[in-house]
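Structural features, examined
Each chain, written out:
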Amino acid sequence: MKKIYLKVPKIDELYYRKEWLKDEKTMSYNAGYDMDLKGYDKETGVILKSDEEMITWYKNWIGHEPTKYFAYIYECSTGIPIGEVYFYKSELEYKMGILIKNEYRGKGYSKDALIALMKIAFEKYDISKLTDIVSSDRSSAIKLFQNCGFVYKEEVEETVFGEKKLAKKFTITKEEYLNNRNQNMKFVNNLELGKKVILEKYPKFATSHFEADDSGWTNFVIKIDGKYIFRFPKDYEAYRVIEMEYDILNELNSKLPYYIKDVSYTHLTMPTNSRV
């Protein structure tokens, strides 16, 4: 199942960000820097903001795409914000950041959120490059960027609690992102491969009858026992259409007074990426 989705928050949802910024466990990575930032506590890394300051920040950030982009990370199963992502233009590149509330870390949300952010940055807003600086002792963050296709460029020096420390600068260009995306995505276009993919995820269908339907222009369809239908996009454009359908359903379910049945989502890195 898809774990998260990104959405620009409404002004009445600022409470969540205000709480994250003042949570010591969530902000511990931010401690020790000499930052000239109102409300910043060097010992803990927290940033305390009044409601008025949060509203000012909101007006400065929201609605200024693509120069600035900010979104909450929402957990699909609950619809609750669990963190944030952003990027902003700085000279010839775009700097980015990601924050996950402490209790949700280590569950794969960061990778999903970073992939979603890259998709918005490069495919929707056509920016040229994303970059971030990560402390050398944050091994999990370094691994995250490497796994998502970012390239280590250089070491930079930071001062943390009065001591000089090294940090790593990671970047990814739009061209690198597109190359990685195209290399990693394979599409189901025959019954044998489709059956293999389905049984890896749903072994209960091992004795079922599989029937292929390749009559559509955009999706390769497999019917199981006349009861279940699995749709596999034939190319990336078809994949994007299914993604949009899924995101629209999430948006409708968050606004309508009644519930629209979810379309089940399956993400398989090998041998394929597929939506069901």
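It should be emphasised that the depicted structure is a prediction, and the values quoted were computed from it without experimental measurement.

1. Thoughts on the overall build of the protein
- In terms of helices and strands, the protein carries eight helices and 10 strands.
- Overall, the protein is about 65 × 45 × 30 Å in size when its C-alpha atoms are taken along their principal axes.
- Surface summary for the protein: the accessible area is close to 15,800 Å², and the carbon and sulfur share equals 51%.

2. Overview of helix α7 (residues 191-201)
- Among all positions in α7, only G194, V197 and I198 are buried. Take α7 and look down its axis: the buried residues cluster within an arc of 95 degrees, on one side only.
- Among the structural elements, β8 (210-213), β9 (219-224) and β10 (228-233) are those in contact with the buried residues of α7.
- The N-cap residue of α7 is N190: its side-chain oxygen and the backbone nitrogen of E192 are 3.2 Å apart.

3. Things to note about the sheet that holds β9
- Taken together, the three strands give an open sheet; going across it, the order is β8-β9-β10, and neighbouring strands pair in antiparallel fashion. Edge positions in the open sheet fall to β8 and β10, since each of these has one partner strand only. For this sheet the average axis-to-axis angle between neighbouring strands, irrespective of direction, equals 25 degrees.
- Pairing of β9 with β10 involves six bridges; the strand directions are antiparallel. From the neighbouring strand, V221 faces β10, where its bridge partner is R231.

4. As for the pairing of β9
- Among the six residues that make up β9, five are buried, leaving the element largely enclosed by the rest of the structure.
- For β8 and β9, the ladder comprises four bridges, and the chain directions are antiparallel. Across the sheet, D213 pairs through a bridge with V221, a residue of β9.
- Linking β8 back to β9 in an antiparallel pair, the connection comprises five residues.
- Between β9 and β10, which pair antiparallel and follow one another directly, the connecting turn spans three residues, one of which, D225, has a positive phi of 55 degrees.

5. Quick look at helix α4 (residues 109-124)
- Helix length check: α4 (16 residues) gives 21 Å between terminal C-alpha atoms against 22 Å at 1.5 Å per residue, within 8%.
- Turning to α4, its buried residues are Y109, A113, L114, A116, L117, M118, I120, A121, F122 and E123.
- One or two steps after α4, the chain reaches D126, where phi turns positive at roughly 55 degrees.

6. Notes on the side chain of D132
- Structurally, D132 can be placed in strand β5 (residues 129-135).
- Summary of buried charges: D132 has no salt-bridge partner, and the nearest side chain of opposite charge, R138, is 6.4 Å away.
- Apart from residues lying up to four places away in sequence, D132 is in contact with M96, G97, F145, K168, K169 and F170.

Thresholds, definitions, all that
- Residues numbered from 1 in each chain as written.
- Predicted model: local features only at pLDDT ≥ 70, side-chain atom pairs only at ≥ 80, totals over all residues.
- Heavy atoms only, no water.
- Helix = DSSP H or I, 4+ residues; strand = E, 2+ residues; numbered from the N terminus.
- Areas by Shrake-Rupley, 256 points an atom, 1.4 Å probe, with all protein chains shown as cover.
- Buried < 20%, exposed > 50% of the residue type's maximum accessible area, 1.4 Å probe, protein only.
- Arc of directions from axis to C-beta.
- Contact = heavy atoms within 4.5 Å.
- Polar contact = N/O pair within 3.5 Å; in protein donor to acceptor, adjacent residues only side chain to side chain.
- Pairing = 2+ DSSP bridges.
- Axes fitted to C-alpha atoms, helices over the stretch in contact; angles between N-to-C directions.
- Expected span 1.5 Å × (residues − 1).
- Lys, Arg positive; Asp, Glu negative; His and termini not counted.
- Salt bridge = Lys/Arg side-chain N within 4 Å of Asp/Glu carboxyl O.

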